[in-house]
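# Per-entry structural report
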Amino acid sequence: MHAGNCCQTLPPVIITIDGPAGTGKSSVAQLLAQRLSLDYLDTGAMYRAVAVIALDQEIEPTNGSALAEAVQKIDLNFDWTRKPPALMLGERDVSRRIRDMDVSAIVSPVAAQSEVRKVLVMLQRRIARQHPRLISEGRDQGSAVFPDAPLRFYLDSDVTIRAQRRMRQLSAQGKTVDESEVLADIKNRDHIDSTRADDPLTCPDGAIVINTDDHSKLEVVDMLEAIVREKILNVDQTA
Ligand code: DC
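Residues numbered from 1 in each chain as written. Predicted model: local features only at pLDDT ≥ 70, side-chain atom pairs only at ≥ 80, totals over all residues. Heavy atoms only, no water.

Take the sheet that holds strand 6 (residues 133-138) next. Strands sit in the order 2-6-1-7-8 across an open sheet of 5 strands; the sheet is parallel. At either end of the open sheet lies a strand with only one pairing partner, and these are strand 2 (39-42) and strand 8 (208-211). On average, each strand axis in the sheet is inclined to that of its neighbour by 20 degrees, with strand direction left out of account. As defined by bridge partners, strand 2 adjoins strand 6 across 4 bridges and the pair is classed as parallel. Following the sheet pairing, D39 is matched in strand 6 by L134. Contacts between helix 1 (residues 25-36) and the sheet are confined to strand 1 (13-18), strand 2, strand 6 and strand 7 (151-156), with strand 6 contributing the most and set at about 175 degrees to the helix. (Pairing = 2+ DSSP bridges. Helix = DSSP H or I, 4+ residues; strand = E, 2+ residues; numbered from the N terminus. Axes fitted to C-alpha atoms, helices over the stretch in contact; angles between N-to-C directions. Contact = heavy atoms within 4.5 Å.)

This paragraph deals with the packing of aromatic side chains. By the definition in use, this model includes 1 aromatic pair. A ring pair is formed by F78 and W80, whose centres lie 5.7 Å apart and whose planes are at 55 degrees; its orientation type is tilted. (Phe/Tyr/Trp six-rings, centres within 6.5 Å; stacked < 30°, edge-to-face > 60°.)

Moving on: the site of the ligand. In the vicinity of the ligand lie 16 residues, with R48, S108, R117, D140 and R196 positioned nearest. For the ligand, a nitrogen atom lies 2.7 Å from a polar atom in the side chain of D140. The separation between an oxygen atom of the ligand and a polar side-chain atom of D193 is 3.2 Å. Look at the ligand: alone it shows 450 Å² of surface, and the protein chains cover 97% of it. The set of elements that each furnish at least two residues to the shell around the ligand consists of helix 2 (43-56), helix 4 (101-111) and helix 8 (179-195). In terms of residue count, the dominant contributor to the shell around the ligand is helix 2 (4 residues). (Near = heavy atom within 4 Å. Polar contact = N/O pair within 3.5 Å; in protein donor to acceptor, adjacent residues only side chain to side chain. Areas by Shrake-Rupley, 256 points an atom, 1.4 Å probe, with all protein chains shown as cover.)

The values reported here are purely geometric and, on their own, carry no functional implication.
Next comes the structure, spelled out in C-alpha cells:
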C-alpha cells in the first residue's frame with residue numbers, strides 16, 4: 001500500500017463544448033484536453049460512424065430504427081490508447097473514413113433520428129462514467145447529455161467566416177470546392193441541426209459563450225484554459 005497523497009484519485013471533471021459546424025471547436029476541445037490532461041470525446045465522430053454504417057449496410061439515413069439496431073450490433077467504441085482516441089466499428093478503425101465527403105453528406109439526417117440519438121447518448125454517458133475527467137464536444141452535450149456539467153461552453157462564429165475556414169481546411173487537403181457550395185452546405189447543416197425534434201443545437205442555459213470570429217484557435221484555447229483553471233481546477237491543484 002502507498003502512503004500519503006500520491007495515489008489519490010483525481011476528482012471527476014466534465015466540461016462540455018458545443019456549437020455549430022466550423023467554429024473550430026473540435027481542435028479547440030482536443031488541445032484544451034491535452035493541456036489539462038483530460039480525456040477528449042468527439043461526439044460528432046460518433047454520428048459520423050453511424051453514417052458510415054448506413055453507407056456500408058445500405059440503410060437509408062432516415063431509417064432510425066434500422067440504424068440504431070445496426071449500431072448496437074456492431075460495437076461502436078473508441079481506442080483510448082491513441083491520442084486523440086481512434087474511433088472503432090468493432091475492430092475496424094474508421095477515424096479517417098468518417099471525414100470523407102460521402103459521410104459528411106448524409107450525417108445530418110442520420111443525426112436527426114431519435115432512435116440513433118438515444119443509443120449514442122447512452123454510449124456517451126457510459127463513456128463519461130468510464131472517463132470521468134472529460135471534455136465532451138458536440139451540439140447537445142451541455143444542453144441535453146450533461147446538463148449538470150460544472151462548465152459548459154458554447155462556441156459561435158459568423159456563418160461566412162465558418163465557410164471560409166472550411167474552404168481553407170478543404171484546400172489544405174487538396175480538395176477544390178466552390179465557396180458558395182460550402183456556404184450553402186454549412187447553412188443547410190445549421191438548419192437541420194438546430195431544427196430537429198430531439199436535442200437540437202442550442203446554446204445551453206448558463207453556458208459561457210465565446211465568439212471565435214476574431215480569434216485564432218490558440219487564442220480560443222488560451223481563453224478556455226484560463227476560465228477552466230479559474231473556475232474549476234484552482235481547487236484541484238493537479239492539472
Ligand atoms: O461536428 P461534426 O461535423 O463532426 O458533426 C457531425 C454531425 O453530427 C452534424 O450534423 C451534427 C451532428 N451532431 C449532433 O447532432 N450531436 C452531437 N452531439 C454531435 C454532432
